[in-house]
Amino acid sequence: MKDITYEIHNIEKDILPFVYHLDKIKFLYASPNWHENLEILLCTQGDGQCLLNMESYRFEKDDFAIVNSDAIHSVISEGGINYHCFIIDNEFCKQNGIDMTKLHFSEIFKDEEMKVIFEDVIEKIEGAKNDRQLWTAPEIRLSVLKLICHLCKNHLSEKSDSSESELSSAKRVKSAITYIKDNLSEYITLDNLSSHIGISKYHLSREFKEFTGQTIFEFINNMRCRLAKRMIKEGSSVSEAALSSGFENLSYFSRKFKEITGHIPSYYTKTE
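Residues numbered from 1 in each chain as written. Predicted model: local features only at pLDDT ≥ 70, side-chain atom pairs only at ≥ 80, totals over all residues. Heavy atoms only, no water.

J.: Mind showing me how you'd approach the overall build of the protein chain here?
T.: Counting secondary structure elements, the protein chain contains 9 helices and 7 strands. A compact globule built from 272 residues should have a C-alpha radius of gyration of about 19 Å, and the protein chain, at 20 Å, falls within 12% of that. In terms of its C-alpha atoms, the protein chain occupies a principal-axis envelope of roughly 55 × 50 × 35 Å. Across the 272 residues of the protein chain, 46% fall into the buried class. Taking the intrachain contacts of the protein chain between residues at least 6 apart in sequence as the baseline, contacts between residues at least 24 apart amount to 75%. Accessible area of the protein chain: about 14,100 Å², with a carbon and sulfur share of 48%. (Helix = DSSP H or I, 4+ residues; strand = E, 2+ residues; numbered from the N terminus. Rg over C-alpha atoms; globule rule 2.2 N^0.38 Å. Buried < 20%, exposed > 50% of the residue type's maximum accessible area, 1.4 Å probe, protein only. Contact = heavy atoms within 4.5 Å. Areas by Shrake-Rupley, 256 points an atom, 1.4 Å probe, with all protein chains shown as cover.)

Here is the structure:
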């Protein structure tokens, strides 16, 4: 998963304004993110948890998980999970009369008919990598529209009657995530983070865990280790990466790094 919070998909001008990849993961911590575009996940193997805003949903084989517009989300798994991830640019939806930012779909469900449609979309997209004909893009766009129509007809739900305080909670957690990302190399305390957000550290800690499934410091360490890993692979020394990513104690960094990535820091100096 990308080390970002608000995820930007640079697909607006593409004739195929979609993002597709098959994800294979096995970790208990993931960096939550959110974006305007609709995201559809289909589990193909294993099981885990899909975290969507304040709710944690069991995610297993043949389950669809729908990431509604602007929902904080991540997928975690202890034993391992494989799933298709398909993201549809909202501009494409709006051009066809549907604005996903104004709709809300059921989060987790099984649907054999939708699975057939979805797999047809994926097959066409994969086939287009090696053989794109004049009619390939229109066929894919038509299949995606069929998928969207099925979703709207069968899985549209009422938006939950979230209280104003719950809506504010989402905004506060997003602000906290953004602040952490922008200040990873700095000394971050609960006091300065809660002061920035404007609520007590106890209130913020509770909301953050509810939305992300992690404590604030679990999240900070996870983000810092991911940054350090990238820096080491790009040529930085272990000590440089530790310091630049916000760790002041090299022993603590090494311990957390192995806990989160599964390897000691020097392992990544030997790869690529």
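J.: Would you explain the pattern of salt bridges in this entry?
T.: Once their charged atoms are close, side chains differing in charge can pair, the charge on each being opposite to the other. Under the criterion given, the structure shown has 13 salt bridges. A salt bridge links Lys-115 to Asp-62, with the nearest nitrogen and oxygen atoms 2.8 Å apart. Within this pair, whereas Lys-115 is found in helix H2 (residues 112-128), its partner Asp-62 is found in the loop between strand S3 (55-60) and strand S4 (64-67), the two being separated by 53 residues in sequence. Lys-201 is the partner of Asp-191 in a salt bridge, and the nearest nitrogen-oxygen pair spans 3.4 Å. Of this pair, Asp-191 sits in helix H5 (residues 190-197) while Lys-201 sits in helix H6 (residues 201-212); the two residues are 10 residues apart in sequence, bridging distant segments of the chain. Asp-191 sits in the partly exposed class, given a relative accessible area of 48%. Overall, the relative accessible area of 26% leaves Lys-201 in the partly exposed class. Sharing partners across several salt bridges, the network here consists of Asp-47, Arg-58, Glu-60, Asp-63 and Lys-110. (Salt bridge = Lys/Arg side-chain N within 4 Å of Asp/Glu carboxyl O.)

J.: Help me out: how do you make sense of the side chain of Ser-77 in this one?
T.: Along the chain, the position of Ser-77 falls in the loop between strand S5 (73-76) and strand S6 (81-88). Among the polar contacts listed, one links the side chain of Ser-77 to the backbone oxygen of Asp-47, at a separation of 2.7 Å. A polar side-chain atom of Ser-77 sits 2.8 Å from the main-chain amide nitrogen of Gly-80. Excluding anything up to four places from it in sequence, Ser-77 contacts Ile-25, Lys-26, Phe-27, Leu-28, Asp-47 and Gly-48. (Polar contact = N/O pair within 3.5 Å; in protein donor to acceptor, adjacent residues only side chain to side chain.)

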